[in-house]
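Structure assessment
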Amino acid sequence: MAPGGAAGTVHVVGAGLAGLAAALALSRAGRRVVVHEAAGQAGGRCRSYFDRALGCRIDNGNHLLMAANHAALGYLEEVGAGGSLTGPEVPLFPFLDLASGERWTLRPNAGRLGWWILVPGRRVPGSRPLDYLKALGLLRAGPEATVMAVLGPGPLMERLWRPLVVAALNAQPEIAAASLLLPVLLETFGRGGRWCRPLIAREGLGESFVEPALATLRQRGVAVGFGRRLRAIERQGGRVAGLDFPEGPVPLGPGDSLVLAVPAPVAESLLPGLAVPQGSSAIVNAHFRLDGPAQLPGGAPLTGLIGGTADWVFLRRTAEGATVASVTVSAADALAEQPAEALLPRLWRDTAAALGLGDAPAPAGRIVKEKRATFLQTPAEVAKRPGCRTAWDNLRLAGDWTDTGLPATIEGAIRSGRAAAATLLPAP
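Residues numbered from 1 in each chain as written. Predicted model: local features only at pLDDT ≥ 70, side-chain atom pairs only at ≥ 80, totals over all residues. Heavy atoms only, no water.

**Here's the deal with the overall build of the protein**
Along the backbone of the protein there are 11 helices and 20 strands. Taking 428 residues into account, the globule formula puts the C-alpha radius of gyration at 22 Å, and the protein, at 22 Å, falls close to it. Here the contacts in the protein between residues at least 6 apart in sequence split such that 68% fall between residues at least 24 apart. As displayed, the protein has an accessible area near 17,300 Å², and 56% of this comes from carbon and sulfur atoms. (Helix = DSSP H or I, 4+ residues; strand = E, 2+ residues; numbered from the N terminus. Rg over C-alpha atoms; globule rule 2.2 N^0.38 Å. Contact = heavy atoms within 4.5 Å. Areas by Shrake-Rupley, 256 points an atom, 1.4 Å probe, with all protein chains shown as cover.)

**Remarks on a nonpolar patch on the surface**
Side chains of Leu 130, Leu 133, Leu 136, Leu 139 and Leu 186 sit close together on the surface and give an oily, nonpolar patch of about 510 Å² of accessible area. Mapped onto the elements, Leu 130 comes out in helix α3 (residues 129-133). (Patch = residues over 30% accessible without salt bridge, like charges linked within 9 Å, V, L, I, M, F, W, Y side chains within 5 Å. Salt bridge = Lys/Arg side-chain N within 4 Å of Asp/Glu carboxyl O.)

**Details of the sheet that holds strand β1 (residues 9-13)**
Taken in spatial order, the five strands of this open sheet run β10-β2-β1-β14-β20, and their pairing is parallel. Of all the strands in the sheet, the pair left with one neighbour each is β10 (223-226) and β20 (395-397). On average, each strand axis in the sheet is inclined to that of its neighbour by 15 degrees, with strand direction left out of account. Where strand β2 (residues 32-37) and β10 come together, four bridges link them in parallel fashion. If you follow Glu 37 over to β10, its bridge partner there is Phe 226. (Pairing = 2+ DSSP bridges. Axes fitted to C-alpha atoms, helices over the stretch in contact; angles between N-to-C directions.)

**Comments concerning the nonpolar core**
Core analysis: the biggest nonpolar cluster contains 61 residues, and Trp 161, Ile 233, Leu 243 and Leu 260 have the highest contact counts within it. Residues in contact with Leu 260, not counting those within four places in the same chain, are Val 13, Leu 230, Ile 233, Ala 267, Leu 270, Leu 271, Leu 395, Arg 396, Leu 397 and Ala 398. Membership of the second largest hydrophobic core comes to 44 residues, among which are Ala 22, Val 35, Val 222 and Ala 413. (Core = buried A, V, L, I, M, F, W, Y, C linked by side-chain atoms within 4.5 Å. Buried < 20%, exposed > 50% of the residue type's maximum accessible area, 1.4 Å probe, protein only.)

**Some thoughts on the packing of aromatic side chains**
In the structure shown here, the tally under the stated rule is six aromatic pairs. Judged by centre distance (5.4 Å) and plane angle (75 degrees), the ring pair of Trp 116 and Tyr 132 falls under edge-to-face. Of this pair, Trp 116 sits in the loop between β8 (103-106) and α3 while Tyr 132 sits in helix α3, and the two are 16 residues apart along the sequence. Exposure remark for Trp 116: the relative accessible area of 8% places this residue in the buried category. Taken together, the aromatic side chains of Phe 95, Trp 104 and Trp 312 make up a single cluster linked through ring pairs. Against the face of Trp 195 rests Arg 191, its NZ or CZ located 3.7 Å from the ring centre. A cation over an aromatic ring shows up here: Arg 228 above the ring of Phe 245, its NZ or CZ 4.3 Å from the ring centre. (Phe/Tyr/Trp six-rings, centres within 6.5 Å; stacked < 30°, edge-to-face > 60°. Lys NZ or Arg CZ within 6 Å of the ring centre and 35° of its normal.)

**Some points on the side chain of Arg 228**
Structurally, the position occupied by Arg 228 is in the loop between β10 and β11 (232-236). By relative accessible area, which is 17% here, Arg 228 ends up buried. With residues up to four places along the chain from it excluded, the contact list for Arg 228 reads His 36, Glu 37, Ala 38, Phe 245, Glu 247 and Val 250.

**Some thoughts on empty space enclosed by the protein**
Taken as a whole and assessed by the stated rule, the structure comprises one cavity of 30 Å³ or more. Roughly 90 Å³ of internal volume is contained in the largest cavity. Residue lining of the largest cavity: Asp 59, Gly 61, Asn 62, His 63, Ile 200, Ala 201, Leu 205, Phe 314, Arg 316 and Ser 326, and that is the complete set. Looking at the lining of the largest cavity, the elements that each hand over two or more residues are β9 (198-201) and β17 (312-317). (1 Å grid on protein atoms, 1.4 Å probe; cavity = no way out; pocket = protein on both sides within 12 Å on 5 of 7 lines; lining within 4 Å. Points joined across faces, edges and corners; volume = space filled by probe spheres on them.)

**Side note on the sheet that holds β9**
With antiparallel pairing, the three strands of this open sheet are ordered in space as β5-β9-β6. What marks the edges here is a single partner per strand, and that holds for β5 (65-66) and β6 (85-86). With two bridges joining them, β6 and β9 adopt antiparallel strand pairing. Residue pairing across strands places Leu 85 opposite Ala 201, the latter belonging to β9.

**Regarding the UniProt feature "domain: Amine oxidase" (unreviewed entry) in the protein**
As recorded in UniProt, the sites labelled "domain: Amine oxidase" (unreviewed entry) are residues 17-424. The straight-line gap between the two end C-alpha atoms of residues 17-424 is 18 Å; of that span, 27% is helix and 24% is strand. (UniProt positions renumbered as here; feature names shortened; annotations may be inferred.)

**Details of unusual backbone geometry**
The residue Asn 170 is not glycine, and still its phi comes out positive at about 55 degrees. With respect to the secondary-structure elements, Asn 170 resides in the loop between α5 (155-169) and α6 (178-187). Judged by its relative accessible area of 2%, Asn 170 is buried. The backbone phi angle of Ala 331 is positive, close to 50 degrees, even though this residue is not glycine. As for its placement among the helices and strands, Ala 331 is situated in the loop between β18 (323-329) and α9 (340-355). Judged by relative accessible area, Ala 331 falls into the partly exposed class, the value being 25%.

**Topic: the domain arrangement of the protein**
Its domain assignment divides the protein into domain 1 (10-40 + 226-277 + 378-423), domain 2 (56-64 + 280-375) and domain 3 (109-195). One C-alpha centre belongs to domain 2, the other to domain 3; they are set 25 Å apart. Taken together, the 10 residues of domain 2 in the interface contact eight residues of domain 3. Contact with domain 3 buries area across many residues of domain 2, yet Ile 306, Trp 312 and Ala 331 alone supply 58% of it, more than any other trio. Counting across the domain 2 and domain 3 interface gives zero salt bridges. On inspection of domain 2 and its partner domain 3, the count reaches three residue pairs in polar contact (both at pLDDT 80 or more). Contributing elements (two or more residues each) for the side of domain 2 that touches domain 3: β15 (280-290) and β19 (365-375). If you tally residues by element for the side of domain 2 that touches domain 3, the top one is β15, at three residues. (Domains from an automatic or database assignment. Buried area = accessible area lost by both parts, 1.4 Å probe. Polar contact = N/O pair within 3.5 Å; in protein donor to acceptor, adjacent residues only side chain to side chain.)

Listed below in structure tokens is the structure:
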């Protein structure tokens, strides 16, 4: 039942993955749901679009999932896109040191007992088994600890922890919250290598996470409105009483509820006094359409890069049959201020090295900048994350910036939407 009585309408504001996940969970339970999205499309920072310069669809950002991401994989199964991800059958992570030219592949064993750290050919070159055991220090680290303070400098920091932290937390280890790295390791390496398999969208994020979700919601009778920017929230007596859109006000009855699934700054502007994480961290992506065949080492869909500008290179085929090499640079505030004309050749050099293309001329490329990709995931800002419940009994929050216990990732966003929905449904 809705808070306060009958099961009324739930208004979900925001059609990013948090909002879509909430709408799916509520509609699956039989609730009447209406979704309002300010933009002209769904997906938020997880979407695809056709790029005319490249002549194919690309993602606005690159997102790596792991086999342990049960919420994201369950979401895909629910919308009929369970087979839309691709990745190696075994856990492996190829790396290239751009400065030295050295290549290696991190290969955890499938079982929970991590004997792979005893095998030189499976672990990071220059590391020792005892180096990996430093990660146990995360179990007793306080909420104010940074990753660097717990794990310390050394070859393993530069060749494993830093790439992992930058990818998962979008922050350098010197400032990143150790409390957010711990659940990542517990749910992946801590459960065994089979949960560490890297997965990416076979065709695109839109084809996996967005279009199938919208189709499922339509089948369930959920109305999704685009170009509907919420201007204000009317509150009366501890409840949300109405929503103000440019198209007109929407009153909320006694049984109606609101799931506010918008970015933290938007939520703060709509709810003065709401404490949210401050600051942001940028991600820069580059997409190159390749003219000929290309392959990453071992046929893997991705390679980590050390000692250059790029962090990861992803390789995939688009729906149009094109081969696209996509590059991600996280924690990229300074890089995001540079013009695309300067970034493209710089990132192509790293990409060509990863693909073994040497001095091949740069193909057609596109730079995509997300200057506010995530909140700044430092200990101080992590402490400000609110839960899904609010001071208003029919208002819930959702988003990767809320207190999911995870970094601001696809998995965290989907879990936040599900958590918000669960509080508006009868207890099982």
